[in-house]
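Spelled out, the chains give:
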Amino acid sequence: MKKVKLGLLPKLEIRWNRKSVDSAESGREILADGRVKYWIKHDTIRGVYPKMLVWWFQHLEGDIEYEGKIYNRYHVWHPEDHVHVSYEKRKPDGSVGPGAELRIVEYLGRNKNYLVNVVSPIEKLDEEGFIHNPKLNGFLPIARMEYSFKECPEGTRYENCLIVGWKGISFKWLRPFFEFLFFDKNHGFFWIKHNIEEVGQFESFLPDLYKKENENTI
């Protein structure tokens, strides 16, 4: 796993569409296999369509112009919590999709106790959704991220979930200790809050960015 600076970045003082937690439906449940699922049904992302979302997850690296200044695009996506994203591994042809791997660093709620520092292999990425599987320190499989995209006249109905833990009887027994030590309900709430905020922010920058960077192909 490549070394990256892990410290919090200064907040970006930019306009952003910071949706509240109650703008979406969300919750927590225990699955039959013992894993913990945090889920969100977001408010419709207006003006943002599934093809834009696929393109975005394939082009997370680099800078963009926003409000007349140049910023890191991942930081614009969440102006407070995001620190770093890169492609730890691409497909043999250099593209991003199943078989590629993301490197993600962020602090949920800017809380240093809620550091996300993972390498996450991509399992699925198309206009129906996105699935990747975060590994702690690049090798410990601890979670699964599932996204669903459904186009509607106004944009996209976007749902996603974080499934914490691993399959097997061992996690059923260890779940209370795992949650106490690593990912309790409060941590889960801050994941939900962070995710609602970053998904709402798509409306502020993604339609313009997609049009600008694809003007010769759309």
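Quick caveat, the model's predicted, so the values are computed rather than measured. (Residues numbered from 1 in each chain as written. Predicted model: local features only at pLDDT ≥ 70, side-chain atom pairs only at ≥ 80, totals over all residues. Heavy atoms only, no water.)

Caption draft 1: Geometry of the overall build of the chain. In terms of regular secondary structure, the chain is built from four helices and 13 strands. Relative to a compact globule of 218 residues, whose C-alpha radius of gyration would be 17 Å, the chain shows 17 Å and is just as compact. Dimensions of the chain along its principal axes, counting C-alpha atoms only, are 55 × 35 × 35 Å. Split into buried and exposed, the 218 residues of the chain put 48% on the buried side. Total accessible area computed for the chain in this model is approximately 11,300 Å², and 52% of it derives from carbon and sulfur atoms. Each charge class in the chain was averaged separately, 33 positive and 32 negative side chains, and the resulting centres sit 4 Å apart. (Helix = DSSP H or I, 4+ residues; strand = E, 2+ residues; numbered from the N terminus. Rg over C-alpha atoms; globule rule 2.2 N^0.38 Å. Buried < 20%, exposed > 50% of the residue type's maximum accessible area, 1.4 Å probe, protein only. Areas by Shrake-Rupley, 256 points an atom, 1.4 Å probe, with all protein chains shown as cover. Lys, Arg positive; Asp, Glu negative; His and termini not counted. Charge placed at Lys NZ, Arg CZ, Asp CG, Glu CD.)

Caption draft 2: Layout of the environment of Leu108. Along the chain, Leu108 falls in the loop between β7 (101–107) and β8 (115–126). Residues Leu108 and Lys193, 85 residues apart in the sequence, show an inter-C-alpha distance of 8.3 Å. In this structure, Leu108 is in contact with Asp81, Tyr114, Val116, His187, Phe190, Trp191 and His194, ignoring residues within four places of it in sequence. (Contact = heavy atoms within 4.5 Å.)

Caption draft 3: Structural context of the packing of aromatic side chains. Inspection of the entire model under this criterion finds 17 aromatic pairs. Both rings, one in Trp56 and one in Trp77, keep their centres 5.5 Å apart while their planes meet at 80 degrees; by these two values the pair is edge-to-face. Linking Trp56 in helix α1 (residues 50–58) with Trp77 in helix α2 (residues 73–77), this pair joins segments that are 21 residues apart in sequence. Ring plane angle 85 degrees and centroid distance 6.5 Å describe the contact between Phe57 and Phe202, whose orientation is recorded as edge-to-face. Taken together, the positions of Phe57 in helix α1 and Phe202 in helix α4 (residues 185–213) put the pair 145 residues apart, joining distant regions of the chain. Pair check on accessibility: Phe57 and Phe202 agree, each one buried. Each member of the aromatic cluster is reached from another via a ring pair, and the members are Trp56, Phe57, Tyr74, Trp77, Phe130, Tyr147, Phe149, Tyr158, Phe202 and Phe205. (Phe/Tyr/Trp six-rings, centres within 6.5 Å; stacked < 30°, edge-to-face > 60°.)

Caption draft 4: Highlighting the pairing of strand β6 (residues 82–89). Within β6, six of the eight residues are buried, leaving the element largely enclosed by the surrounding structure. Across six bridges, the pairing between β6 and β7 is antiparallel. Across the sheet, the residue bridging to Lys89 is Glu101, located in β7. (Pairing = 2+ DSSP bridges.)

Caption draft 5: Region of interest: a nonpolar patch on the surface. Taken together, Trp173, Leu174 and Phe177 make up a surface patch of nonpolar side chains, about 400 Å² in accessible area. For Trp173, the location among the structural elements is in helix α3 (residues 169–181). (Patch = residues over 30% accessible without salt bridge, like charges linked within 9 Å, V, L, I, M, F, W, Y side chains within 5 Å. Salt bridge = Lys/Arg side-chain N within 4 Å of Asp/Glu carboxyl O.)

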